[in-house]
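Residues per chain are reported as follows:
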Amino acid sequence: MVTRKLNIRDDQEALLLLGERDFFLRQIEREHAVEVFVRHDPQGEELHLTLRGTASRVQKAIKRFRDRLDRVRSGETPDEPPHAFAFPAEEAMPPSDAVYMTAYGKSVRTRGERQKLYVDCILKGDLTFGIGPAGTGKTYLAVICALRALKAREVSRIVLTRPVVEAGEHLGFLPGDFQEKVNPYLKPLYDAFYAALGPDKFRIWRDDEIIEIVPLAYMRGRTLENAFIILDEAQNTTIEQMKMFLTRMGNGSRVVVTGDVTQIDLDSPRRSGLVVIEKILKHIKPVRFVHFLSADVVRHLLVKDIVEAFDSHEKEKRP
């Protein structure tokens, strides 16, 4: 964490710089995930604007303040439109039964009792597992809850990860640099943010490292504090990887793990960390597990029938 200061001449200059009811100040805090404080000089009329946060975010935020201050001192009245990243201060409030309001004005609500239980567990607990078939909203609702927590300033960033499981092609043989190699594996996580934020807001947030999407292997050695952390496709983690991931959790963080134990891509399904984790953590009461069924599928109506057909096929194969 770093701290930078900016001097303001007097109250009038502060009003023009920070906006009515500190609108611009709050906007900068939301956009760049920094803390901004205004302090009066006890020896005179001058004020100090203090910004605190990570070095890269503070640098971008103080540049925005300086650019605006230059316009104020040149006699302009800077009426800057809201940045693409910002949560508007006067945005419409979602209905009381909605979890979140997307950038497109759509209210996100839970569908069915298990989705409601899942969201309640995430909002009230520190570690939640969502296990079940594709199309039940596990990842999407986890992302929505992460955005809600970030908007409420309960966390300062969102970290999403998933194991990179190679099916037929090795990363070394795929074209492009590292980012281009892993993008196909991480793309499903982008989709949830596109739906909630829109692509422009998502890209800005990602570039400012408020949203971080990384392969699971790159989580080793980190401690993530004040973060909302989501592990997707957890059925493809080994027991050792699951332990490594769960022990990344730092103070003020919240973790959601999602996966489908019927879609394990590991060489040995019995090595899946998601298969055994409930047994390992069963005595830790704050940890919550929510199991979805094929009846909870909320994608195209055919998806539910497809999931049930595959379940029946697997049962017939068993001795």
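Report follows, based on the coordinates. All values reported here derive from a predicted model rather than from experimental measurement.

What counts, and at which threshold
Counting restarts for each chain, with residues numbered from 1 along the sequence as it is written. Reporting of local features is limited, given that this is a predicted model, to residues whose pLDDT is at least 70; pairs of side-chain atoms are given and counted only at 80 or more, and all residues count toward the totals for whole chains, interfaces and linings. Calculation of side-chain values draws on the structure's entire complement of heavy atoms; hydrogens and water are dropped beforehand. The numbering of helices and of strands both runs from the N terminus, where a helix is a DSSP run of H or I of at least 4 residues and a strand a run of E of at least 2. Between buried and exposed lies partly exposed: a residue is buried under 20% and exposed over 50% of the maximum accessible area for its type, with that area taken using a 1.4 Å probe on protein chains only. Note on areas: Shrake-Rupley, 1.4 Å probe, and residue coverage restricted to the protein chains presented here. In this description, a line fitted to the C-alpha atoms serves as the axis of each element, helices being fitted only across the stretch in contact, and the angle between N-to-C directions of two axes falls anywhere from 0 to 180 degrees. Under this scheme an angle from 65 to 115 degrees is roughly perpendicular, one under 35 degrees roughly parallel, and one over 145 degrees roughly antiparallel; angles in between are oblique. Each crossing gets its handedness from the near helix: less than a right angle anticlockwise from the far helix is left-handed, clockwise is right-handed. Any pair of residues with heavy atoms lying within 4.5 Å of one another is described as a contacting pair. For this classification, the nonpolar set comprises Ala, Val, Leu, Ile, Met, Phe, Trp, Tyr, Cys and Pro, the charged set comprises Asp, Glu, Lys and Arg, and every other residue, Gly included, is treated as polar. Pairing of N or O atoms within 3.5 Å defines a polar contact, subject to two protein rules: one partner must be a possible hydrogen donor and the other a possible acceptor, and residues neighboring in sequence count only if both atoms are side-chain atoms. Any Phe, Tyr or Trp ring, taking Trp's six-membered ring, that has another such ring centre within 6.5 Å forms a pair; planes under 30 degrees apart are called stacked, those over 60 apart edge-to-face, and the others tilted. Whether a charge lies above a ring is judged from NZ of Lys or CZ of Arg, which has to be within 6 Å of the ring centre and within 35 degrees of the ring normal. Each patch is built from residues lacking any salt bridge and having more than 30% relative accessible area; the joining distance is 9 Å for like charges and 5 Å for nonpolar side chains (Val, Leu, Ile, Met, Phe, Trp, Tyr). Salt bridge, as used here: a side-chain nitrogen of Lys or Arg that lies within 4 Å of a carboxyl oxygen of Asp or Glu. Joining through side-chain atoms within 4.5 Å is the link that ties buried Ala, Val, Leu, Ile, Met, Phe, Trp, Tyr and Cys residues into a set, and such a set is a nonpolar core.

### Quick notes on the overall build of the chain
Piece 1. For the chain, the helix and strand inventory stands at ten helices and eleven strands.
Piece 2. Classification of the 319 residues of the chain by burial places 44% in the buried group.
Piece 3. For the chain, the exposed area adds up to about 17,600 Å²; of that, 51% sits on carbon and sulfur atoms.

### A short note on the packing of helix 1 (residues 11–18) against helix 3 (residues 55–73)
Axes are the key here: two packed helices are described by the angle between their axes and the distance separating the axes.
Piece 1. Where helix 1 contacts helix 3, the axes come no closer than 9 Å and their chain directions differ by 125 degrees. With respect to helix 3, the element helix 1 is oriented oblique. Remark: the crossing between helix 1 and helix 3 carries right-handed chirality. Touching Glu-13, Leu-16, Leu-17 and Leu-18 of helix 1 are Phe-65, Arg-68, Leu-69, Val-72 and Arg-73, all from helix 3.
Piece 2. For the contact of helix 1 with helix 3, the per-class residue count stands at six nonpolar, no polar and three charged.

### Some words on the side chain of Thr-128
Piece 1. Turning to its location among the elements, Thr-128 is positioned in strand 6 (residues 127–131).
Piece 2. For Thr-128, a relative accessible area of 0% gives the class buried.
Piece 3. For Thr-128, the side chain forms a polar contact with the main-chain oxygen of Cys-121, separated by 3.4 Å.
Piece 4. Leave out the neighbours within four places in its chain, and Thr-128 touches Tyr-118, Cys-121, Ile-122, Val-255, Val-256, Val-257 and Arg-288.

### Points about the packing of aromatic side chains
Piece 1. Counted according to the given criterion, the structure contains five aromatic pairs.
Piece 2. For the pair Phe-24 and Phe-65, a centre-to-centre distance of 5.5 Å together with 85 degrees between the ring planes defines the contact as edge-to-face. Here the residue Phe-24 occupies a position in helix 2 (residues 23–32), and Phe-65 occupies one in helix 3, the gap between them amounting to 41 residues. By the burial criterion, Phe-24 is buried, and Phe-65 matches it.
Piece 3. Ring geometry for Phe-193 against Phe-202: centres 5.4 Å apart, planes inclined by 20 degrees, an arrangement best described as stacked. Of the two residues examined, Phe-193 and Phe-202, each falls in the buried class.
Piece 4. Ring pairing ties together the aromatic residues Phe-193, Tyr-194 and Phe-202, which thus form one cluster.
Piece 5. It is Arg-68 that lies over the ring of Phe-24; its NZ or CZ is 4.3 Å from the centre.

### Section: unusual backbone geometry
Piece 1. The residue Arg-153 is not glycine, and still its phi comes out positive at about 60 degrees.
Piece 2. Relative to the assigned elements, Arg-153 resides in the loop between helix 5 (138–151) and strand 7 (157–162).
Piece 3. Even without being glycine, Asn-226 reaches a positive phi, approximately 50 degrees.
Piece 4. With respect to the element layout, Asn-226 can be found in the loop between strand 8 (211–215) and strand 9 (227–231).
Piece 5. On the basis of relative accessible area, Asn-226 is assigned to the partly exposed category, the value being 38%.

### Digging into a nonpolar patch on the surface
Piece 1. Where nonpolar side chains cluster on the molecular surface, the patch consists of Leu-302, Ile-306 and Phe-310 and spans about 320 Å² of accessible area.
Piece 2. Following the sequence through the fold, Ile-306 ends up in helix 10 (residues 301–317).

### Things to note about the environment of Val-164
Piece 1. In this structure, Val-164 sits in the loop between strand 7 and helix 6 (178–197).
Piece 2. Taking the relative accessible area as the measure of exposure, Val-164 reaches 25% and is therefore partly exposed.

### Quick word on the side chain of Asp-232
Piece 1. Positionally, Asp-232 belongs in the loop between strand 9 and helix 8 (239–246).
Piece 2. We classify Asp-232 as buried; its relative accessible area is 5%.
Piece 3. At 2.8 Å, the side chain of Asp-232 and the side chain of Arg-162 are in polar contact.
Piece 4. Sequence-distant contacts of Asp-232, that is, excluding residues within four places in its chain, are made with Thr-139, Thr-161, Arg-162, Pro-163, Leu-189 and Thr-258.

### A closer look at the nonpolar core
Piece 1. Within the largest apolar cluster, 35 residues are counted, with the highest numbers of intra-cluster contacts made by Leu-147, Leu-160, Phe-193 and Phe-228.
Piece 2. Looking at this core, the elements with two or more residues in it are helix 4 (113–124), helix 5, strand 7, helix 6, helix 7 (199–207), strand 8 and strand 9.
Piece 3. Tallying contributions element by element places helix 5 first for this core, with nine residues.
Piece 4. Beyond its immediate sequence surroundings of up to four residues, Leu-147 is in contact with Tyr-100, Ile-158, Phe-193, Ala-196, Leu-197 and Trp-205.
Piece 5. By size, the runner-up hydrophobic cluster in this structure holds 23 residues, among which are Phe-129, Met-219, Met-242 and Ile-277.

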